[in-house]
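# Examination of the molecular architecture
Below, each chain spelled out in residue letters.
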Amino acid sequence: MAKLTFSIGGIHPADCKLSRGCKIETLPLPPKVYVSMFQHLGAQAKPIVEVGDSVKAGQIIAEPGGFISAYVHSPVSGTVKSIGLRKDLAGFNVMHVEIDVEGDEWAEGIDLSPELVTAIPEDRDFILDRIKMCGVVGLGGATFPTHVKLNPPPGKKADCLILNGAECEPYLTSDFRILLERTDEIVVGAAIMKKVLGDCPCVIGIEENKPEAIAAVRASLARLGYPGIRVEVLRKRYPQGGEKQLIDAVMHRQVKSGGLPIDVGAVVQNVATSLAVYEAVQKNKPLVTNVLTVTGDCLPVDRMHNYLFRIGMPLSWIAEQAGGVPEGAVKIISGGPMMGKAVANFDAATVKGSSSILYLGEGTRRRQETPCIRCGRCADACPMGLEPFLLKKLYQYGDPAGLEQNAAQDCIECGCCQYSCPAGVPLLDNIRMAKAQVMGIIRARNAKK
Amino acid sequence: MDKVLISPSPHVHAKASTNSIMMDVVIALMPAIVVSILFYGWAEILVLAVAAVSCVGLEYLIARFLMKRPELFSGSSALVTGLLLAMNLPSTSPWWMVALGALVAIGIAKMSFGGLGQNLFNPAITARVFLLISFPVQMTNWTLPNGFISYPDAVSGATPLGLLKEGLKSGESIQQILSTNGFDSMTTVIRDIGGSAGEISALALLLGFGYLLVRKVVKPWITLSILLTIAAIAAVFHGIDPAHFTGVNFNLVTGGVLLGACFMATDYVTSPMSNWGGVIYGIGIGVIVMMIRYFGSYPEGMSFAILIMNCFVPLINRAFHQKKYGRA
């Protein structure tokens, strides 16, 4: 069968899935965890515990701060040591709850047994409530609250649930490992979300460089026998896992500029989110764990890991468990090399969406910028069909109207342009600022109406 | 923890750099350069050397001492300009004329516009046209190939296109001209009868262009568009009046068409950014070249055609954009 892919732009970086053979290992508990109140898209969560309270793992410690927000649970059992500002990985001050770890006692009603529960609850509201109460957010990068995404506004209907198993970022292997090791749970999670969305068809999209995962999911589907779920093989191409690109690849539909996926009948969820949905609905287990990859081009392969971590473990503590920062690391990244964030504060705590600790060596240094030779590679690479060379110029000339006309606001910040530029021009740096400027203008204009 | 870098994403970079792209073009020019040296001998080596050294040297001197911005010097790009300039000149060109061409290419066409990436006109072609107008005698003094591969009756002679223009003026038909001069369009596929270095072997040029395509340095659209336009126009006119209008094969392999379509019109800086823009640009070049060949006073018009279409690139760029995601 033909491999699916998106229709505009894209690049083919070396996939460097060096840690693909590393089984998921469970990390021991650290002496302390720091739980961020801002680990989802939307409003910051409000702490409901006080200093000195003793908490159990899986207990709610913060409530949603708005409609688009999420519950936060304690990932460990212990005593609340402090509640206050602490620096996140980019160095910004964010409210954190500091907990001293004591033992490992879980809140009541949480099923920690490994048995697979395949019977899906009938009640749609029950399912959505469980997902909400367990603090499930999208784990593909944006950490959008899952219960909001699974509950389309009136008049909008899902035609297709797309499960994102592309993992198109180089180096990362956490999605690959859970697809191999937690296959059945992911499939049940998909069946649950499919049911919530009115029994629309479900496509699990996996890139061709993960044949073992494709085979495992197909075998699981045959075994569990949920109707209307199928695997589609995606071509290896970045950014295949971008929401808009994946919708284009799987459904041959394009989300209009400024629109939402549901406008074209699409709901996209990451495979890791599917696992979290399974645990929330079938096991009543809140989202307090996730899998991250420790990898990099300056790290020996025998020091690479895929870890099951508790949210709130400091990055530096996890790094120590894996033997510390390797010689020759020039940059430490949380996330993939294309869209991940350079870590400014290594003591920052992990959050729900943490996916890696990536050490990159000399090759990550930026090149000396030389004049643009108008080769057009940035425009060829842009999966949104934008012209990065033009947007950069318009931004530097201070032409916000021109930027809006040339769709700077459509940029998904995938980095393809800057990756491709032979002259080392910092295209995305400029376009990010241009995008912020145009978005501000659009918001101000809409507010006036 | 030791110091680490903090910068926004992306954190990795493709291998290709401006220098590696320029060196790919140099490699792609090698088959044609080797063939031209074999046929034209030491004279050709001299032209190539003078053009390359003066282009690179002038770019350095101008960037360093006139513009006072040494970072604008790009040796690899100047080398490409030099080689292309040499391939646009007869092997009999005197060294001072080649050096003057380099001054026009680098000094006027490139650096006065702001250097690499800023020029409106293709530097090597600007220089060729300047020399063609200023030194018509030297620029049309073609020697029949007399190089390391010996060729029995090596004398000075005109190019096929030049001979045709003269012959047609005196009232002969194309068939008569071709037969009296012993041309056969297939021989030019391997080596031209006479002409500038870059015009001598269609096969060598296509080999180099194939390398650029495989390395994804250029896309085929501009080149295909030029060649198909030329072929279509030639097919129509030759079909109507074969005695006065040359045919498809002849027009595709003679003169500067292949050198121009493969290496000059595809120059990044002076060609449109979008694929469809490139197609329009190529059609424009094809039409102009055939109008000059059929109806103009010059035997060949590739250089003029490219320069004229270079002027339209900013307008073409405004009219043709990439297909955008989610915007009909």
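Above this text sits the structure in question.
Residues numbered from 1 in each chain as written. Chains lettered and ligands numbered in written order. Predicted model: local features only at pLDDT ≥ 70, side-chain atom pairs only at ≥ 80, totals over all residues. Heavy atoms only, no water.

## Notes on the pattern of salt bridges
Residue and element names in this part refer to chain A. By the definition in use, this model includes 32 salt bridges over all chains. Between D199 and K194 there is a salt bridge, and its shortest N-O distance comes to 3.1 Å. By sharing partners, the salt bridges in this structure join R182, E185, E279 and K285 into a single network. (Salt bridge = Lys/Arg side-chain N within 4 Å of Asp/Glu carboxyl O.)

## A short note on the sheet that holds strand β5 (residues 60–63) of chain A
Residue and element names in this part refer to chain A. Taken in spatial order, the 3 strands make up an open sheet running β3-β5-β6, and their pairing is antiparallel. The sheet terminates laterally at β3 (46–47) and β6 (72–73), the two strands that pair on one side only. Relative to β5, β3 runs antiparallel, the two being bridged by 2 bridges. Within β5, the position partnered with P47 by the bridge is A62. (Pairing = 2+ DSSP bridges. Helix = DSSP H or I, 4+ residues; strand = E, 2+ residues; numbered from the N terminus.)

## What to know about the side chain of Q322 of chain B
In this fold, Q322 of chain B is placed in the segment after α15 (302–319). Among the polar contacts made by the side chain of Q322 of chain B, one reaches the main-chain carbonyl oxygen of A379 of chain A at a distance of 3.2 Å. Sequence-distant contacts of Q322 of chain B, defined by excluding residues within four places in its chain, comprise A379, D380, G385, L386 and E387 of chain A together with M273 and S274 of chain B. (Polar contact = N/O pair within 3.5 Å; in protein donor to acceptor, adjacent residues only side chain to side chain. Contact = heavy atoms within 4.5 Å.)

## Quick notes on the sheet that holds strand β16 (residues 341–342) of chain A
All names here are of chain A. The 6 strands are arranged β1-β14-β13-β17-β15-β16 in an open sheet whose pairing can be described as mixed. At either margin of the open sheet sits one strand with a lone partner, and together these are β1 (24–26) and β16. Where strand β13 (residues 289–296) and strand β14 (residues 305–310) come together, 6 bridges link them in antiparallel fashion. Within β14, the residue paired with T293 across the bridge is N306. Lying over the sheet, helix α3 (residues 174–181) contacts β1, β13 and β14, oriented at roughly 125° with respect to β13. (Axes fitted to C-alpha atoms, helices over the stretch in contact; angles between N-to-C directions.)

## What to know about the packing of aromatic side chains
Residue and element names in this part refer to chain B. Enumeration over the complete set of coordinates arrives at 10 aromatic pairs over all chains. Ring geometry for W96 against F135: centres 5.4 Å apart, planes inclined by 70°, an arrangement best described as edge-to-face. In this pair, W96 is assigned in helix α4 (residues 95–110) and F135 in the loop between α5 (123–134) and α6 (136–139), connecting sequence segments 39 residues apart. Between the aromatic rings of F237 and Y294, the centroid separation amounts to 5.2 Å while the plane-to-plane angle is 50°, which identifies the pairing as tilted. (Phe/Tyr/Trp six-rings, centres within 6.5 Å; stacked < 30°, edge-to-face > 60°.)

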